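# A look at the structure
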Amino acid sequence: MLFNSIEFLVFLPITFVLYWFMLNKDLRLQNLLVVVASYIFYGWWDWRFLSLIFISSAVDYSIGRKLASVTKPKARKYLLWLSLALNLGFLGVFKYFNFFVDSLKDAFHVFGADIELTTLNIVLPVGISFYTFQTLSYTIDVYKGNLKPSDDPVEFFAFVSFFPQLVAGPIERATNLLGQFSEPRVFDYHKAKDGVRQIIWGFFKKIAIADTCAVFVNDIFGSYADQSSGMLLLGAFYFAFQIYGDFSGYSDIAIGTAKLFGFDLMTNFRYPYFSRDIAEFWRRWHISLSTWFRDYLYIPLGGSRGGRSSAVRNTFIIFIVSGFWHGANWTFIVWGALNAIYFLPLLLSNRNRRNLDNVANGSLWPSFGEVRQIIVTFLLTLLAWVFFRSPDISNSFEYLRILVFSGSWLVEFSYLSSVPMILIMVGLEWIQREKTHPMQIEKLSSIARLSVYCLIVFLTIAHVSSTNQEFIYFQF
Amino acid sequence: MKEFIKEIFIKGAIVLLFCISTSALIYQLDFDHYDFYELPEVVNRKNNFNQFENNINTVFIGSSRIFRHIDPEVFDSITGLSSYNLGYAGLFPFRSYDFLEKLAIEDTQIKNIFIELAPLALLGQNFNTEPFIHSIDLKKFSIALSFSNNEVYTKQEQLKYTLGYSMLFFYKYSGLGVSKYLNQTIFKTADFRENRDSDNIYTQGYLSLDDDLKSHGSDYQNLQVRRDEFHGNSQKWLNLYRSANESYLKDPVTMIQKDDFTEYIENVVDSLVKRGIKVHFIISPRQVKSDLYYLRNQKKWLEDYKVYDFSDANEYATIFTESASFDRVHLNEDGAEELTEILANLYIQNNN
């Protein structure tokens, strides 16, 4: 089920009413409703893949219980590897098998030997990368002793399948979300109100920004060989906002929906395009994934403790793995590697933790230097997004070659209709950059607040069209 | 909790009111964005027609039952006229009458216009698409509501029409997709939809369903399913149309008062008639019972016009056979040729 669908518009109020009015006296029933609603939500897309979530949940729950009773290190390690093998096995088969087979065939072809290998004709289950990482975090945390294993299967199944963030994150940690399922829930008026506001903002980003940009992006990337430099730059610019509007919009709707049910999910985006360097960008972009890799890959690999060479190696590993997480294509690997290259100078000069605060803290306007830093960082991400969006590496390089050398910087005026929406979004985000989301406008008068709601909802509705797209991150 | 829900409803109503009034205001602006919300196939049909209008003296307008059923080459070879098929799938009233107005036929050499007489239908699950949404306004909505109350329709059908048209009206005036109007005005936004090219087989005149299937076009799978579904149980469907006709002959329901929808049609075609253009109506074969009852009444109300009624399964038995059928609603190429020949011969009889 898509957030931007009529079905969800019916599903959400029904679930909300059942949750708070019918089952509010019994926590276990509320959790059971979360499981049932989540399975309906996911099954609406393809019920056959519910079995994957079910198996993944059942195995990790059982392994968690077993880890609680087993003390022998070898046996504990065996259990951890079992969970890793199963979860990553599903991911490997459904997401990466064909990529490895094709890459192997290509590699043999390069050396003049053609081999026959069969690829699988399978569909990638929506959100598999998200819930796989979520369940993995649970087993790893239990194994490390950072978390007490769950003794309530309903709670655990609700944690794995929690519908607001099931298919596109934020990738929650058991340490944050699982415990919330055992706490009695009391309706919090302010939290629910904030949730609704965040949902409104999420829909605005998805429909008025991402979906309108997508039409131009598809056209420009689809015929890039015939476009001017200016148009190709516009295509990359629009894609930067398409993917931001799409993914952060989804996260806002997810976090807002979770608030309606009394849950706090982690922040996934903190205005990344206001970053002053790439390190800051990665502290603000897809936070739940970058911190996941930091905690479960970078630190176990030794982080920066083994000196510069190991820090460089580990940085490359996490960026490349992070790229690969997005999809089974070399373009994502190059995208990850490119970000690692951007990041390295900051790491090596110990400047990667320089910009920990908000830009232009305490003042309305940024300094000239900050504007320059923001623009340079944005342009670097723009370059990387070309690889992310292109179908293959050669197309990415060709796109960039034409962008740099075609010479004409003219842009067709008819392609600029998404710019006003982007300016509205950037303007509101800039003013509200110290808030969790721009709709936190409690300080305004009630009339002003209502005017903002009217404007944002109208702009969102006005951009609903038959060209509205699925969320990009579903495919990851 | 109660306060939260109350606030959601009150603020939601205010926001909705804002959206409705803003979009109503935008729709009041003098824009002509027909080419942007109507299907590219229909728009290109209009553009193709404009290219050749000097050589054309007869046009056919209506849904797929015109598009797939009237072969201008066959028609012209019998009548000596020079005709163009402007029908397209789903081009029901009000869309078909909007299309007629956009063609500005008054300013052309057209002498004959054949219009499919069809009830105010909505196209299944696709009714809430932009062309349908934008074909409605307050006046047309009230016509649709009065049409929905027609006694020949069952309570269930009446409810379907009422809900369907109310949703269309709501979709439009809640502001859904209204940005397209503003963007087109300010930015002259490019059209990225499929089938924009004027050479596309769907953007030109008549195309039989058999030829469409052979071309493996964009609707290939759907056509196959529809064809197989019909031929799997053809007699059941054909008997349905036959029994609707029998039922009407046995027990016709006569609606005394002309309805708003028929008056609307008369108003639309009035200007054409005043300019010396001959307007003919066609009732396509294979009507379900309620539609057949309605159209037979409408035929009586439109007595000033020639109505070619092919819904009688006894009179036109040759086009109510499996061999003339593509699917349950449409004729195949042979059936279309047969129907066109009958129409052409009837036209000659009436004009001699």
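Everything here concerns the structure above.
Quick notes on the rules
Numbering of residues starts from 1 in every chain and runs along the sequence as written. As they are written, the chains are lettered A onward and the ligands numbered 1 onward, keeping that order. It should be noted that, the model being predicted, local features are given only for residues of pLDDT at least 70 and side-chain atom pairs only at 80 or more, the latter also being counted only at that level, while totals for whole chains, interfaces and linings use all residues. Hydrogens are left out, water is left out, and the side-chain values use all remaining heavy atoms of the structure. Only DSSP runs of H or I reaching four residues or more are called helices, and only runs of E reaching two or more are called strands; each is numbered from the N terminus. Between the two quantities, the radius of gyration covers C-alpha atoms and the globule rule is 2.2 Å times the number of residues to the power 0.38. Remark: exposure states derive from per-residue accessible area (1.4 Å probe, protein chains only) relative to the maximum for the residue type, with buried under 20%, exposed over 50%, and partly exposed in between. Any two residues whose heavy atoms approach within 4.5 Å are treated as being in contact. Under the convention used here, a 1.4 Å probe and the Shrake-Rupley method define accessible areas, while residue burial counts only the protein chains that appear. Multiplying 1.5 Å by the helix residue count minus one yields the expected span of that helix. Should DSSP find at least two bridges between two strands, the strands are regarded as paired. For the handedness criterion, the strands are oriented away from the viewer, and a crossover whose path from the first strand over the helix to the second runs clockwise is classed as right-handed. Definition of nonpolar core: a set of buried residues of the types Ala, Val, Leu, Ile, Met, Phe, Trp, Tyr and Cys, connected through side-chain atoms within 4.5 Å. As used throughout, domain bounds are those supplied by an automatic or database domain assignment. One side-chain nitrogen of Lys or Arg within 4 Å of one carboxyl oxygen of Asp or Glu is enough to make a salt bridge.

### Describing the overall build of chain A
- Along its length, chain A carries 17 helices and zero strands.
- Rg of the C-alpha trace for chain A: 23 Å, near the compact-globule value of 23 Å for 476 residues, within the 12% margin.
- Overall, chain A is about 70 × 65 × 45 Å in size when its C-alpha atoms are taken along their principal axes.
- Expressed as a percentage of the 476 residues in chain A, the buried residues total 57%.
- Taking the intrachain contacts of chain A between residues at least 6 apart in sequence as the baseline, contacts between residues at least 24 apart amount to 77%.
- Carbon and sulfur atoms provide 66% of the accessible area of chain A, an area that totals close to 20,200 Å².

### Regarding helix 3 (residues 50-69) of chain A
Residue and element names in this part refer to chain A.
- A rise of 1.5 Å per residue sets the reference length of helix 3, with its 20 residues, at 28 Å; its end C-alpha atoms lie 29 Å apart and thus fit the reference within 8%.
- Of all the positions in helix 3, only L50, L52, I53, S56, S57, D60, Y61, I63, G64 and L67 are classed as buried.
- The secondary structure elements touched by the buried residues of helix 3 are helix 2 (27-46), helix 4 (73-110), helix 5 (128-144) and helix 6 (153-161).

### Some points on the pairing of strand 4 (residues 278-283) of chain B
All names here are of chain B.
- Burial runs high along strand 4: five of the six residues are buried.
- Two strands pair when backbone bridges link them, and strand 3 (residues 112-116) and strand 4 are joined in this way by five bridges, in the parallel orientation. Each residue of the ladder has a partner; that of I115, found in strand 4, is F281.
- One crossover worth recording links strand 4 to the parallel strand 5 (residues 306-309) by way of helix 15 (residues 289-301), and it is right-handed.

### Regarding the nonpolar core
- Residues Y273(A), W385(A), I113(B) and F281(B) are the most contacted members of the largest nonpolar core, which totals 222 residues.
- No other element matches helix 9 (residues 229-260) of chain A, which puts 17 residues into this core.
- Shared between two domains, this core holds at least three residues of each, these being domain 1 (6-187) and domain 2 (190-276 + 355-475) of chain A.
- Those residues in contact with I113(B) that lie beyond four places of it in its chain are V59(B), I61(B), L100(B), I105(B), L272(B), I277(B), K278(B), V279(B) and H280(B).
- Grouped together as the second largest cluster of nonpolar side chains are 21 residues, I282(B), A313(B), I319(B) and I342(B) included.

### Topic: the pattern of salt bridges
Residues and elements named next belong to chain A.
- Considering all chains together, one arrives at 30 salt bridges over all chains under this definition.
- Across the pair R354 and D277 runs a salt bridge, and its minimum N-O distance is 3.7 Å. Taken together, the residues R354 in the loop between helix 13 (330-348) and helix 14 (368-389) and D277 in the loop between helix 9 and helix 10 (278-284) connect sequence positions 77 residues apart.
- Overall, the relative accessible area of 41% leaves R354 in the partly exposed class.
- One network of salt bridges, in which partners are shared, links R276, E280, R284 and D357.

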